[in-house]
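Single-letter residue listing:
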Number of protein chains: 2
Amino acid sequence: MGVKDYGRGMRIGELAERAGTTTRTLRYYESRGLLQAGRAENGYRTYEESDLRLIQQIRTLQDFGFDLEETRPFVDCLRAGHPAGDACPASLAVYRRKLGELDALIGQLQSVRTEVGAQLARAELEASAELPGGPEPRCELNWEDDE
Amino acid sequence: MGVKDYGRGMRIGELAERAGTTTRTLRYYESRGLLQAGRAENGYRTYEESDLRLIQQIRTLQDFGFDLEETRPFVDCLRAGHPAGDACPASLAVYRRKLGELDALIGQLQSVRTEVGAQLARAELEASAELPGGPEPRCELNWEDDE
DNA sequence: CCTTGCCTTGACGTGGGCGTCAAGGATTAC
DNA sequence: GTAATCCTTGACGCCCACGTCAAGGCAAGG
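First, a word on scope: everything that follows refers to the structure included in this document.

Criteria and thresholds
Residues numbered from 1 in each chain as written. Chains lettered and ligands numbered in written order. Predicted model: local features only at pLDDT ≥ 70, side-chain atom pairs only at ≥ 80, totals over all residues. Heavy atoms only, no water. Helix = DSSP H or I, 4+ residues; strand = E, 2+ residues; numbered from the N terminus. Expected span 1.5 Å × (residues − 1). Buried < 20%, exposed > 50% of the residue type's maximum accessible area, 1.4 Å probe, protein only. Near = heavy atom within 4 Å. Polar contact = N/O pair within 3.5 Å; in protein donor to acceptor, adjacent residues only side chain to side chain. Nonpolar A, V, L, I, M, F, W, Y, C, P; charged D, E, K, R; others polar. Contact = heavy atoms within 4.5 Å.

In an α-helix there are 3.6 residues to a turn, and that puts residues three or four apart on one side. Residue and element names in this part refer to chain A. With 15 residues, helix α3 (residues 49–63) extends 22 Å between its outermost C-alpha atoms, agreeing within 8% with the 21 Å of an ideal straight helix rising 1.5 Å per residue. The set of residues buried in α3 consists of Asp51, Leu52, Leu54, Ile55, Gln57, Ile58 and Leu61. Of the residues trailing α3, Gly65 is marked for its positive phi of about 100°.

Okay, structure coming up:
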């Protein structure tokens, strides 16, 4: 049989596949201290079902744009036995901080959007104002003494 | 005199200072083909006043979140003799593409913001619902057979 | 002459989240 | 027996816009 015993003592490849990620990613998480694996006699990492939830939590937050460090409280919370990663105050704090960052970022992007939009409009105006009958800019080298 | 002749044939340090950037950055721009410098007899790079405008254009766009490649049309436009970097169609195209990217990004961030906000609200509710008199989650290892 | 301060090229470091070999051991299928 | 597939650790690559250090050349002041 190719697969031994789902539900207990998965190996890294199985867990990665079930989580929709890669073994490299799981080892990376482990190197960051987010994931802890047991070891089989032969040195292979072993995982429990609960680890699948950890990974799903991490990836959900990653999809939201959280960086790995920010997922740590959620992971710790799950490992502490809470049914949800955001059941702990530290996780809520991360949520709130993230909301603030998002609001700030969105605001900045909106102002940039406005600014770029204005630049575009102005440039289009100037372009259309020069075409009709004005003297087309020669594009020569004679404007360096312009100022 | 420490400074030779402002206005003609600046050296890289002077240009960097006047542009509010570093010599490293200017050499980097040159390596990317965005900036071209003349050379003095001793091998030093020499710049004209017009180069200052190029750099200002680049940095303005960078501040908007344009990456270096996206500034190229503007730079080319300025070097072609146009008084503004966005006087060329290629620059306008970059503006428009950027607007689209900004709109998409802002939209994504807003939906993430909504989602995170909802998660926070839900988690806060559940937290407040458990405190009053409910059984505090034991945080033991007995929930792994939950599913 | 010597110091100071500018300039030159070259090359490695940064950060984040992995991808992608490389070299080898373990297990399984045939 | 052996090929295929898993696993292990280690280490370099990537992207981008530079920062930073190294080793040395050139110019000017005292």
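With that out of the way, let us pick up the protein's contact with DNA strand D. Within the structure, DNA strand D sits among 21 residues, and Gly13(A), Arg27(A), Arg45(A), Gln62(B) and Asp67(B) are positioned closest to it. Expressed as a percentage, the sugar and phosphate content of the atoms of DNA strand D within 4 Å of the protein is 69%. Contacts to DNA strand D include Arg27(A), whose side-chain N or O atom sits 2.8 Å from a phosphate oxygen. At 3.0 Å, a side-chain N or O of Arg39(A) approaches a phosphate oxygen of DNA strand D. Looking at the surface near DNA strand D, the elements that each hand over two or more residues are α1 (12–19) and α2 (23–31) of chain A together with α2 (23–31) and α3 (49–63) of chain B. The biggest single contributor to the surface near DNA strand D is α2(B), with 4 residues. Taken together, the residues of the surface near DNA strand D break down into 7 nonpolar, 6 polar and 8 charged.

Attention now goes to the protein's contact with DNA strand C. Around DNA strand C sit 23 residues in total, of which Thr25(A), Gln62(A), Gly13(B), Arg27(B) and Arg45(B) are the nearest. Within 4 Å of the protein, the contacting atoms of DNA strand C are 71% sugar and phosphate, with bases supplying the remainder. Within the contact set of DNA strand C, a phosphate oxygen lies 3.2 Å away from a side-chain nitrogen or oxygen of Tyr29(A). Between DNA strand C and the protein, one listed contact pairs a phosphate oxygen with a side-chain N or O atom of Arg39(B) at 3.0 Å. Of all the secondary-structure elements, those providing two or more residues to the surface near DNA strand C are α2 and α3 of chain A together with α1 (12–19) and α2 of chain B. Ranked by the residues each element gives to the surface near DNA strand C, the list is headed by α2(A), at 4 residues.

Looking now at the side chain of Ser91(B). Residues and elements named next belong to chain B. Within the secondary structure layout, Ser91 lies in helix α5 (residues 89–130). Taking the relative accessible area as the measure of exposure, Ser91 reaches 0% and is therefore buried. The residues contacting Ser91, other than those within four sequence positions of it, are Pro73, Phe74, Cys77, Gly85 and Asp86.

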